[in-house]
Structure formats: structure tokens, C-alpha cells
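Each chain, written out:
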Amino acid sequence: EIDEFAPFRDSGLERVAALDLDIEWFREQGVETPPLGEEAVTYVSFLRNLAAERKISALVCHFYNFYFAHTAGGRVIGKMMSTKLLDGHT
């Protein structure tokens, strides 16, 4: 583990458990979980390489942009789509 990332651990912003629940719900609805696409694999590799190279400022920038820019808008869009397409299920 990289010590510089300690403040970001257990922040309440972790999404893995919630995403696992979402994927399971879709599976229960009969939607097959697709394999990871090439772009996803490339993206994860890029982030892991940043960590391996200890490019702390780049990873903090990514964390900030992802969680504070994308997540806020995604929550609004997700709620709207849930209401329109999934009978309010989130």
C-alpha cells in the first residue's frame, strides 16, 4: 500500500460493494454481465501504472475529478434514469 493514499481509504466514497449489488440486481433481472472491454482493461492498467510509478499527484487529480465531478452528475442522471426505466430501483 502507498502511504500517501491513506487519507483516501475508508472515505465513504468506495463503490465496489454498491456496484456488486447493482450487477447482481441486473443478473437477477436476466441481464448477462458482459466481459470487460478493451478500454476498461487499458484504463485499469493505466491507473495501476500510475500507482506503481508513484505518480501521486496524477492519481489524486484523477480521484478528485472522478468523485467530485463525475459522481455528482452521475447520481443525478442515475436517479432520473432509475425513475424512467427501472421503476425507481436504484
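Preceding this section is the structure that the text describes.
The paragraphs below set out a description of the structure included in this document. Note that the structure is predicted; figures quoted are calculated from it, not measured.

Within the structure shown, the criterion is met by three salt bridges. Residue Glu24 is joined to Arg27 by a salt bridge in which the shortest nitrogen-to-oxygen separation is 2.5 Å. Taken as a pair, Glu24 and Arg27 lie in helix 1 (residues 16–28) at a separation of three residues, close to a single helical turn. A salt bridge links Lys55 to Glu53; its shortest N-O distance comes to 3.1 Å.

For the structure on display, the rule yields one aromatic pair. Taken together, a centroid distance of 5.0 Å and an interplanar angle of 80 degrees make the contact between Trp25 and Phe26 edge-to-face. A relative accessible area of 36% means that Phe26 is categorised as partly exposed.

Let us now look at the nonpolar core. It is characteristic of soluble globular proteins that their nonpolar side chains tend to be buried jointly. Grouped together as the largest cluster of nonpolar side chains are six residues: Ile2, Phe5, Leu47, Leu50, Ile56 and Leu59. Those elements that place two or more of their residues in this core are helix 2 (38–52) and helix 3 (56–85). Contacts of Leu47, omitting those with residues within four sequence positions, involve Leu59 and His62.

What the largest pocket holds in volume is close to 1,600 Å³. Lining the largest pocket are 37 residues, and of these Arg15, Val16, Leu19, Phe66 and Tyr67 sit closest to its centre. Only helix 1, helix 2 and helix 3 provide two or more residues apiece to the lining of the largest pocket. Sort the elements by how many residues they give to the lining of the largest pocket and helix 3 lands first, with 14 residues. Across the lining of the largest pocket, the residue classes tally to 21 nonpolar, nine polar and seven charged.

What counts as what
Residues numbered from 1 in each chain as written. Predicted model: local features only at pLDDT ≥ 70, side-chain atom pairs only at ≥ 80, totals over all residues. Heavy atoms only, no water. Salt bridge = Lys/Arg side-chain N within 4 Å of Asp/Glu carboxyl O. Helix = DSSP H or I, 4+ residues; strand = E, 2+ residues; numbered from the N terminus. Phe/Tyr/Trp six-rings, centres within 6.5 Å; stacked < 30°, edge-to-face > 60°. Buried < 20%, exposed > 50% of the residue type's maximum accessible area, 1.4 Å probe, protein only. Core = buried A, V, L, I, M, F, W, Y, C linked by side-chain atoms within 4.5 Å. Contact = heavy atoms within 4.5 Å. 1 Å grid on protein atoms, 1.4 Å probe; cavity = no way out; pocket = protein on both sides within 12 Å on 5 of 7 lines; lining within 4 Å. Points joined across faces, edges and corners; volume = space filled by probe spheres on them. Nonpolar A, V, L, I, M, F, W, Y, C, P; charged D, E, K, R; others polar.

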